[in-house]
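# Coordinate inspection notes
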Amino acid sequence: MKNKIKNEIQDIDEISEINEPGEYPRDYMEINFGPHHPSTHGVFRFIAKLDGEKIIKIEPIIGYLHRGIEKIGENRTYVQFKPLVDRLDYTGAMNNEFGYCLAVEKLMNIEAPLKAQAIRVICAELNRICAHEVFFGAMGLEAGAFTPFLFGFKDREMAIHLMEMLAGGRLTFNYFTIGGVRQDVPAGFFKEAKDYLKQFKKNLAEYHELFSGNEIFMKRTKGIGVISREDAIEWSMSGPTLRASGARFDIRKIEPYSGYDKYDWEVPAGNNGDVYDRYLVRMNEMAQSARIIEQALESLPDGDYQTKVPRIIKPPAGELYLRVEGTKGEVGFYIVSDGTDKPYRIKIRTPSFNHLNALNHVLRNSYIADFPLILGSFDTVMGSVDR
Amino acid sequence: MVWWIALLWALLKLMIVFLFIFLTALILIYMLRKVMGHMQYRMGPRHHGPHGIWQTVFDALKLLGKEDIIPDGIDKYVYIWAPIIAFIPSLTVFTFLPFAPKLVAANFEISLFFVLALLGLSTISLLMAGWSSNNKYSLIGGIRGAAQLISYEIPLVLSTIGVVIMAGSLNLTEIVNAQTRIWYAIPQIIGFFIFFTCGLAEINHTPFDMPEAESEIVSGFNTEYSGFRFAAFFLAEFVNLFIICALAVLLFLGGWKPFTNPVAAVICFLIKTYILIFVAMWIRSTFPRFRLDQFMNFGWKFMLPLSLANIFITGLVVLTVDKIR
Amino acid sequence: MEIKEYNFIKIDNDKVISVLRNKLKTEKIDGDFNLNHGQIYLEISKNVVKDTIKLFKNDEDLKFNYIKCITGVDYKNYLEIIYSLYSFDNNYTVNIKAKIESVNPEIESVTGIFWSADWFEREIWEFFGINFKGHPNLKTLLLPDDVSYHPLLKNFEIKWEERKYERPEIFK
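## Some thoughts on the overall build of chain C
For chain C, the count of helices and strands is 3 helices and 8 strands. Along chain C, helices (α) and strands (β) appear in the sequence β-α-β-β-α-β-β-β-β-α-β when read from the amino end. The globule rule puts the C-alpha radius of gyration for 172 residues at 16 Å, and the 21 Å found for chain C is more than 25% above it. Based on the C-alpha atoms only, the size of chain C along its principal axes is roughly 75 × 40 × 35 Å.

## A few points about the side chain of A:Glu325
Mapped onto the elements, A:Glu325 comes out in strand β7 (residues 318-325). Other than its neighbours up to four places away in sequence, A:Glu325 contacts A:Asn95, A:Arg128, A:Gly239, A:Pro240, A:Arg243, A:Asp250, A:Ile251, A:Arg252 and A:Tyr257.

## Considering the confidence of the model for chain C
Of all residues in chain C, 99% have pLDDT values of 70 or greater, and the mean over the chain is 83. This prediction of the complex comes with two scores: 0.85 for pTM and 0.85 for ipTM.

## With respect to the interface of chain C and chain A
With 57 residues of chain C at the interface, the matching set in chain A holds 64 residues. Taken together, both faces of the contact between chain C and chain A bury some 5,300 Å²; the carbon and sulfur share is 57%. Summed over the shared surface of chain C and chain A, the result is 6 salt bridges. Across the pair C:Glu123 and A:Lys347 runs a salt bridge whose closest N-O atoms are separated by 3.2 Å. The tally of links from chain C across to chain A stands at 28 residue pairs in polar contact (both at pLDDT 80 or more). If you tally residues by element for the side of chain C that touches chain A, the top one is strand β4 (residues 66-74) of chain C, at 9 residues. In terms of residue class, the side of chain C that touches chain A is built from 30 nonpolar, 14 polar and 13 charged. Bridging between strand β6 (residues 247-248) of chain A and strand β1 (residues 4-5) of chain C involves 2 bridges; their strand directions are parallel. Bridged to A:Ala247 within β1(C) is C:Lys4.

## Side note on helix α3 (residues 78-86) of chain A
For α3(A), the full list of buried residues reads A:Tyr78, A:Phe81, A:Lys82, A:Leu84, A:Val85 and A:Asp86. Tucked into the core, α3(A) has its buried residues touching α2 (69-74), α4 (93-108), β4 (176-177), β8 (330-337) and β9 (345-349) of chain A.

## A short note on the pattern of salt bridges
Residues and elements named next belong to chain A. Across all of its chains, the model carries 42 salt bridges over all chains by this definition. Between Asp264 and Arg291 there is a salt bridge, with its nearest N and O atoms 3.2 Å apart. With Asp264 in the loop between α11 (251-254) and α12 (275-298) and Arg291 in helix α12, the pair connects residues that are 27 residues apart, well separated along the chain. Arg291 gets classed as partly exposed once you look at its relative accessible area, which sits at 26%. Measuring nitrogen to oxygen at the nearest pair gives 3.0 Å for the salt bridge that ties Arg323 to Glu330. Three or more residues joined by partner-sharing salt bridges are found here, namely Glu125, Arg128, Arg243, Asp250, Arg252, Glu285 and Glu325.

## Some points on the packing of helix α1 (residues 13-26) of chain C against helix α2 (residues 49-58) of chain C
Residues and elements named next belong to chain C. Where α1 contacts α2, the axes come no closer than 11 Å and their chain directions differ by 120°. Relative to α2, the element α1 is oriented oblique. Pair α1 / α2 crosses with right-handed handedness. Here Leu20, Lys23 and Leu24 of α1 come into contact with α2, specifically with Thr52, Leu55 and Phe56. Looking at side-chain class alone, the contact of α1 with α2 contains 4 nonpolar, 1 polar and 1 charged residues.

## Quick word on the arrangement of the chains
If you rank the 2 pairs of chains in contact by how many contacts each has, first place goes to chains A and C. Over all C-alpha pairs, chain B and chain C never come within contact, reaching a minimum spacing of 23 Å.

## What to know about the sheet that holds β8(A)
Residues and elements named next belong to chain A. Read from one edge to the other, the open sheet built from 3 strands follows the order β7-β8-β9, with strand pairing classed as antiparallel. Bordering the open sheet on either side are β7 and β9, each of which pairs with just one other strand. With direction set aside, neighbouring strand axes in the sheet form an average angle of 10°. Relative to the sheet, α4 contacts β7, β8 and β9, its axis offset from that of β7 by approximately 150°.

## So, empty space enclosed by the protein
Tallied over the entire structure, the rule returns 4 cavities of 30 Å³ or more. Quantified by volume, the largest cavity comes out at close to 50 Å³. B:Leu32, B:Ile203, B:His205, B:Glu237, B:Phe238, B:Leu241 and B:Arg284 together form the lining of the largest cavity. Tallying contributions element by element places helix α10 (residues 227-252) of chain B first for the lining of the largest cavity, with 3 residues. Lining the second largest cavity are A:Tyr90, A:Thr91, A:Ala93, A:Asn127, A:Cys130, A:Arg156, A:Ile160, A:Met163, A:Arg170, A:Leu171 and A:Phe173. For the lining of the second largest cavity, the secondary structure elements donating two or more residues are α5 (114-143) and α6 (147-167) of chain A. Sort the elements by how many residues they give to the lining of the second largest cavity and α6(A) lands first, with 3 residues. Along the lines of polarity and charge, the residues of the lining of the second largest cavity split into 7 nonpolar, 2 polar and 2 charged.

## With respect to the sheet that holds strand β2 (residues 32-36) of chain C
All names here are of chain C. Judged by pairing direction, the sheet is mixed, and its 5 strands sit side by side in the order β2-β3-β6-β5-β4 without closing on themselves. The open sheet has two edge strands with one neighbour each: β2 and β4. On average, each strand axis in the sheet is tilted by 25° relative to the strand beside it, whichever way the strands run. The pairing of β4 with strand β5 (residues 78-87) spans 8 bridges and is antiparallel. When the sheet's bridge partners are listed, Gly72 is paired in β5 with Ile81. Packing against the sheet, α1 makes contact with β2, β3 (39-44) and β6 (92-101), and its axis sits at approximately 160° to β2. Across the sheet, α2 lies against β3, β5 and β6, angled at about 170° from β6, the strand it touches most.

## A few points about the side chain of B:Thr273
Tracing the sequence through the fold places B:Thr273 in helix α11 (residues 262-286). Setting aside residues no more than four positions away along its own chain, B:Thr273 makes contact with B:Phe242, B:Cys245, B:Ala246 and B:Val249.

## Structural notes on the packing of aromatic side chains
Applying the stated criterion across every chain yields a total of 68 aromatic pairs over all chains. Judged by centre distance (5.0 Å) and plane angle (90°), the rings of C:Tyr66 and C:Phe88 are edge-to-face. On the criterion of sequence distance, the pair formed by C:Tyr66 in strand β4 and C:Phe88 in the loop between β5 and β6 is long-range, its members being 22 residues apart. Each of the two residues, C:Tyr66 as well as C:Phe88, counts as buried. Following the ring pairs from residue to residue traces out a cluster consisting of A:Phe135, A:Phe136, A:Tyr207, A:Phe211, A:Phe217, A:Tyr276 and A:Tyr279. Note that A:Lys253 overlies the ring of A:Trp265, its terminal NZ or CZ placed 4.5 Å from the centroid.

Rules used throughout
Residues numbered from 1 in each chain as written. Chains lettered and ligands numbered in written order. Predicted model: local features only at pLDDT ≥ 70, side-chain atom pairs only at ≥ 80, totals over all residues. Heavy atoms only, no water. Helix = DSSP H or I, 4+ residues; strand = E, 2+ residues; numbered from the N terminus. Rg over C-alpha atoms; globule rule 2.2 N^0.38 Å. Contact = heavy atoms within 4.5 Å. pLDDT = per-residue confidence, 0-100. Buried area = accessible area lost by both parts, 1.4 Å probe. Salt bridge = Lys/Arg side-chain N within 4 Å of Asp/Glu carboxyl O. Polar contact = N/O pair within 3.5 Å; in protein donor to acceptor, adjacent residues only side chain to side chain. Nonpolar A, V, L, I, M, F, W, Y, C, P; charged D, E, K, R; others polar. Pairing = 2+ DSSP bridges. Buried < 20%, exposed > 50% of the residue type's maximum accessible area, 1.4 Å probe, protein only. Axes fitted to C-alpha atoms, helices over the stretch in contact; angles between N-to-C directions. Parallel < 35°, antiparallel > 145°, perpendicular 65-115°, else oblique. Left-handed = near helix turned anticlockwise from the far one by under 90°. 1 Å grid on protein atoms, 1.4 Å probe; cavity = no way out; pocket = protein on both sides within 12 Å on 5 of 7 lines; lining within 4 Å. Points joined across faces, edges and corners; volume = space filled by probe spheres on them. Phe/Tyr/Trp six-rings, centres within 6.5 Å; stacked < 30°, edge-to-face > 60°. Lys NZ or Arg CZ within 6 Å of the ring centre and 35° of its normal.

Structure, rendered in structure tokens:
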């Protein structure tokens, strides 16, 4: 298999050099996309080798948004580091916090009270809806339709408003604390949340009507960027990307955390592994998130929203890797504690990093017109790739 | 007539056409913003004047007042001439469009043929802009545009032949006059469909806006253009939209029929045209973009045979009807 | 492609450890198992890392076919590299740890076994300076091309660089 990779890389380099006798020398165009190309989702850059309109090789270049968060983490206390976690995948900030707080709690052997767990689930799922709305809008833009973008963002605004009621922030929340959440659910939240969910279901049906069944969109997205299940696992893909490739795998189901096993919901999956499936999986996931929120709102237990934690958080020496289902896939935190108030080492594993790693493999032999769609279907956020 | 009166008269006509074009372009841009805005739960321009009607005027003034940037390493003359060549055909076409029974700047026998020939010229401007800009995105956009226009020119022209057979004339005014009894959109429904679709493709309108697909190749052929050169491309795009819709109205929707009074005729003609433009904008705010190869397949393998079949059937029917009479 | 269902499987760590231990025994690989916060850590010598991972991936019963994460830790006297592997079919997780000396650190690359190891290893190479033998494309990933330091080593300190702000001429 090692040879396979090497061969792939070599093959392409050789094509341009070796010419059959009597043939014209094949000439390729090298074109630079990014770092501020309109559809690279932030500051992602790659150099593509084109044969006409066909991409034969790309070389991704990342790191434009590198902030050294892992190094900063080693120099800050556990609590001070928490707000930075929001800045990784800024469309799904709650899910990052979720992972980090769970990891630290597990290191300290404490557990959030039931009410806090339910609030966390509500937040995480609301944020998942937000992130997927952004995806929906971006997907529309990439396919050349402008309307879905505004539809998605209009709806996202309402979800953000709900989270603003809870956390006070709109994009980066810093709402979860180690051992619970920062404040209780405000009065009036339940009614607004229920109204929102009702509206959201209507809107989702409208999205499907506007965009999912569109003939041109289906033609554009079906059968491009196909990833088989084996390849997806081999490339460490996770989240909706993996699920679209025919694996009904969700960390919320496999390693249930924070009471996800109490709710009744399904894991959407696709069986073609193409862009359209990835799109549909995300759209269906939004409906499932709404289901979870509904149940969590109804069964929100009474009690504390925070457990008692020491004033200075000093987990005992130890290490663990903990993962949660982020909005884009598996968000993992590998934390090594040496017993002091600062983590000895924090490694953040983000899904987009692995998805971009596979980009060369997926983009090969597709057209330039497909690249925004394929890249968009991974829903990469450069903040979480570069860290 | 004394020669200078004739010259003045011609110049006056040209001035009116020119003014009309600018006004049309401005109105269309404003209309596009408003239509798309309201379709997307937003208001569109709001601030300058009532409902923001001066917005596009200021935008145009801003574009005209900007610095004329000519990048390094370009093919200078081609670069400079490309927007002008994009604009001139659109301008010229207007002289042949009849707005009412006798309201046409230049009325001659093969005006339809001439209009279609002029529309095809805009290809060259895309190629020139793409080639001269010294930018790979522009190059891809220009080549896409050329490929697209060539393949859609053919079904576009063929679809009008059905109308020409039925009307027995290439003069636009006479084609309209021949539609007294029935609009050609009814017997020529296939032709109308082909004409409108290919027309949208011809002017790079969504869903066929591959030459300037902003998510793929930044802005396509006009990536390197700014200021009034960009404005020329931009205005030409909207003028072309008007022309295609006006042509569709003249050929298929009965032009100014059922009115003959000049004022009513012009108003009727414009209303019909603007309804078609609204449809085009509706399409623009709904559909995503095609991919180039799918789009070419659609053109060559579906549109072209369909338009040929349309001609064949029309000819057959017209001949039979003649024989029976 | 059919959709493959993955369901919650309850795992017993002791059982997993015994299974893994037997597999390692047949291949004559030494390793220490220990549990930390309910997770299995396997410590092996760095020379057998590649073989172990290959064994774990290709073995019919284990099928560790997914890399959760590869990361390094600097313990001042030595470096450590941790491979977190996951088996989709069995819901097993194992974290394989190997110690690497801190002077001229070197280990065999696993890119030939897992495609996804490519960027993980490049990242560790630039942050810790661990050289991966046999990696096809060892270039800087996140840092600029010309950096001469490895930021995640403990002897690299964050420095606050004070920069004097001078007002531009036109504002004076």
